[in-house]
Amino acid sequence: MKAKLLFLLLFTCSLRAGWEAGVAAVDITPSEPIWLAGYAARTKPMESVRQPIHAKALAIKDGTGATNVIVTLDLVGIRREMAESIAARAASELKIPRERILFNVSHTHSAPVVGGPGSYSEIMGPQLAAQKEIISRYTEKLSGLIFDAVAKSLAAIEPATLEFNQGLAGFAVNRRRVSHREYPGPVDHDVPVLAVRNTAGDFIAILFGYACHNTIMSDYTVHGDYAGYAQHYLEERFPGAKALFVMGAGADSNPLPRRKPEHLERYGATLADAVEEVLRAKMKPVAGPVRAAMDFPELAFEGPFGRARWEKELTSKAGYTAAHGRRMLAALASKEGIPKTRPYAVQAWQFGDSLTLIGLAGELTVDYALKFKQQYGADTTWIAGYSNDVFGYIPSLRVWKEGGYEGGDAFLFSAFPGRLTSDTEDRITAAVARVLAKVRTP
Ligand SMILES: [Zn+2]
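Please read all numbers here as calculations on a predicted model, not as lab measurements.

Q: Provide a residue-level description of the pattern of salt bridges, including the pertinent values.
A: Taken as a whole, this structure holds 26 salt bridges when the rule is applied. Close ionic contact of aspartate 389 with arginine 342 constitutes a salt bridge, the shortest N to O distance being 3.0 Å. Of this pair, aspartate 389 sits in the loop between strand 20 (381–384) and strand 21 (393–394) while arginine 342 sits in strand 16 (residues 341–343), placing them 47 residues apart in sequence. Through salt bridges with shared partners, one network takes in Arg175, Arg176, Asp367, Arg398, Glu402 and Glu406.

Q: Mind laying out the environment of arginine 100, listing which residues take part and the relevant values?
A: Relative to the elements of secondary structure, arginine 100 occurs in the loop between helix 2 (80–94) and strand 5 (101–105). Spatially, the C-alpha atoms of arginine 100 and valine 187 are 29 Å apart, while their sequence positions differ by 87 residues. Once you skip the residues sitting within four places of it in the chain, arginine 100 turns out to touch Ala66, Thr67, Asn68, Val69, Val290, Arg291, Ala292, Gln347 and Trp349. In terms of polar contacts, arginine 100 uses its side chain to reach the side chain of asparagine 68, at 2.7 Å.

Q: Outline the pairing of strand 9 (residues 203–210), listing residues and values.
A: A large share of strand 9 lies buried, amounting to eight of its eight residues. Where strand 8 (residues 190–198) lies against strand 9, five bridges are found, and the strand directions are antiparallel. Residue pairing for strand 9: valine 193 is matched across the bridge by phenylalanine 208. A loop of four residues connects strand 8 with strand 9, the two strands running antiparallel in sequence, and glycine 201 in this loop sits at a positive phi of about 90°. Here strand 9 runs beside strand 11 (residues 242–247); their pairing, made up of six bridges, is parallel. Each residue of the ladder has a partner; that of alanine 205, found in strand 11, is lysine 242.

Q: Outline the packing of aromatic side chains, listing residues and values.
A: Under the counting rule described, the total for this entry stands at 19 aromatic pairs. Taken together, a centroid distance of 5.9 Å and an interplanar angle of 35° make the contact between phenylalanine 164 and tryptophan 382 tilted. Note that phenylalanine 164 is positioned in strand 6 (residues 158–168) and tryptophan 382 in strand 20, a separation of 218 residues in sequence. By way of ring pairs, the aromatic residues Phe171, Phe208, Tyr210, Tyr226, Phe245 and Tyr267 are connected into one cluster. Directly above the aromatic system of tyrosine 220 lies the positively charged group of lysine 44, at a separation of 4.7 Å from the ring centroid. In this arrangement the basic side chain of arginine 80 is found over the ring face of phenylalanine 296, its NZ or CZ atom lying 4.8 Å from the centre.

Q: Give me unusual backbone geometry: which residues, what numbers.
A: Residue proline 257 is reached from leucine 256 by a cis peptide bond, and omega for that bond is -10°. Structurally, proline 257 is set in the loop between strand 12 (253–255) and helix 6 (261–280). The peptide bond linking glycine 303 to proline 304 adopts the cis configuration, its omega dihedral lying at -5°. The residue proline 304 is located in the loop between strand 15 (298–300) and helix 7 (307–314) in this model. Of note in this structure, aspartate 225 is not a glycine but carries a positive phi near 60°.

Q: Let's hear about helix 2: which residues, and what values?
A: For helix 2, with 15 residues, the first-to-last C-alpha span of 20 Å sits near the 21 Å given by 1.5 Å per residue. Regarding helix 2, the residues found buried are Met82, Ala83, Ile86, Ala87 and Ala90. With its buried residues spanning 130° around the axis, helix 2 presents them on a single face. Buried-residue contacts for helix 2 involve strand 5 and helix 4 (132–155). Just downstream of helix 2, lysine 95 is the residue with a positive phi angle, here 60°.

Calculation criteria
- Residues numbered from 1 in each chain as written.
- Predicted model: local features only at pLDDT ≥ 70, side-chain atom pairs only at ≥ 80, totals over all residues.
- Heavy atoms only, no water.
- Salt bridge = Lys/Arg side-chain N within 4 Å of Asp/Glu carboxyl O.
- Helix = DSSP H or I, 4+ residues; strand = E, 2+ residues; numbered from the N terminus.
- Contact = heavy atoms within 4.5 Å.
- Polar contact = N/O pair within 3.5 Å; in protein donor to acceptor, adjacent residues only side chain to side chain.
- Buried < 20%, exposed > 50% of the residue type's maximum accessible area, 1.4 Å probe, protein only.
- Pairing = 2+ DSSP bridges.
- Phe/Tyr/Trp six-rings, centres within 6.5 Å; stacked < 30°, edge-to-face > 60°.
- Lys NZ or Arg CZ within 6 Å of the ring centre and 35° of its normal.
- Expected span 1.5 Å × (residues − 1).
- Arc of directions from axis to C-beta.

This is the structure:
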């Protein structure tokens, strides 16, 4: 009875904010045996589907009529080129301004390779030659399906209430400590939850986040990893609701221990439990309107970019270093040349004085989330990494100095020349401050 009264009270507060919301899920499970992304060591395409994967969209319209759409994807990554082309279509056909659509991937390592410029399919070269057609077929279809999810979420818009709060879940482990016990190994165990209910008080969408690689399994089956299982369990527990997972700044976190199918269920259930605990307790009504801004500052790769560097790589005994040298020499000879910088997507949505959602590109290390939450409010700041463009690891200055895979070596597996410059954290910090200044009212 007390709970019902409390809900009615929150409900009237929230309804006064004039929210409307719509949600949609579109199946993006591959229909032919495609290569799975995320592990260079895989030697063959997928063999079966453990769980369907999805593109989901949540549209949120505030009292002024402004509409924001968050798109969550059970994929290892999305490139800027694909995100921008879908966003451009959403702007022209659905009238959603660029800064009001955000793409986030779960980074599941058990979803298809997606093609496109500078993508994995090109990087894997001869190994994937036989897969080229399948990958381009899937990629083209995927773009359409993601757009469909956005369009369907807008078509489903109805009066709604929005509430926010956070829980905790503890299975993310700082993976750099596996080989370096001396490292400090920060983690972000927060579980941010945005609950969306209809006028009957039923959940229609549960948007939740966690900062940890979706890398439990490395086999040949398709699934959403722990995030896929958490979404599935929440949808079972709250019939009628769609659950959407937002990946945080978990680039240096792994779910450990891992590699057994039962870990998918265990960590999926742990995360779903954390979300359920938040949903069943008192949550804070979210105020409107939503102010949105976006910027694309340049991040820079470390030179030199000349032939000598790549020829030296060619002579390396490590196959992946030699392959990187070959790719860079080919890039050097191409019309576009070697990319020396990359536009870095920084996006912010400010929900009244209730919540700040910051979407940042790339595989963002935990330091960024901890820092921005300290700086902008631990209770009301949500950091979504892996947003709008997943092109490589984005180390903090601390991780950059430590070096290693996330510190810069991972670029040897990419179409980019090498690690980012040492001022990367400064550039991102300044850009976040600029973008937040635009959306935060004094
Ligand atoms: Zn990763």
